[in-house]
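# Examination of the molecular architecture
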Amino acid sequence: MANQDNKLVWNEEVCAGCGTCERSCPHEPRAIAVNEGRVVIDYDLCDACGVCVKECPVKALSFEVLA
Ligand code: SF4
Ligand code: SF4
């Protein structure tokens, strides 16, 4: 992934399965997908741009800062 310092993390407990993260991902192809209520992140594609984190209505996505 392009940004090695931040890792996108999904909180399953909070997620509403709305699909906003998938629709908002500007990466082509999209780095995040919602499949039967589960969010799947492709870490090879995700560049940690933060759009999905901002757009998620229930704050189920966040960044883990890697050392
Ligand atoms: S936008 Fe948030 S609540 Fe909606 S599917 Fe994605 S992680 Fe879940
Ligand atoms: S951080 Fe950016 S590139 Fe990564 S899944 Fe979210 S919107 Fe897509």
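Now for a description of the structure that goes with this document. (Residues numbered from 1 in each chain as written. Chains lettered and ligands numbered in written order. Predicted model: local features only at pLDDT ≥ 70, side-chain atom pairs only at ≥ 80, totals over all residues. Heavy atoms only, no water.)

### Describing the nonpolar core
Counting residues in hydrophobic clusters, the biggest one holds 13 residues, and the most contacted among them are Leu 8, Cys 21, Ile 32, Val 39, Ile 41, Cys 52 and Leu 61. Broken down by secondary-structure element, the contributors of at least two residues to this core are strand 1 (6–10) and strand 3 (38–41). Not counting residues up to four positions away in its chain, the partners in contact with Ile 32 are Leu 8, Cys 21, Glu 22, Cys 25, Val 39, Val 40, Ile 41, Cys 52 and Leu 61. (Core = buried A, V, L, I, M, F, W, Y, C linked by side-chain atoms within 4.5 Å. Buried < 20%, exposed > 50% of the residue type's maximum accessible area, 1.4 Å probe, protein only. Helix = DSSP H or I, 4+ residues; strand = E, 2+ residues; numbered from the N terminus. Contact = heavy atoms within 4.5 Å.)

### A short note on the pattern of salt bridges
Between side chains of opposite charge, a pair can form as their charged atoms come close. One pass over the full model with this rule turns up 1 salt bridge. Note that Glu 12 is salt-bridged to Arg 38, the shortest N-O span being 2.8 Å. Here Glu 12 is found in the loop between strand 1 and helix 1 (20–24), whereas its partner Arg 38 is found in strand 3, with 26 residues between them in sequence. (Salt bridge = Lys/Arg side-chain N within 4 Å of Asp/Glu carboxyl O.)

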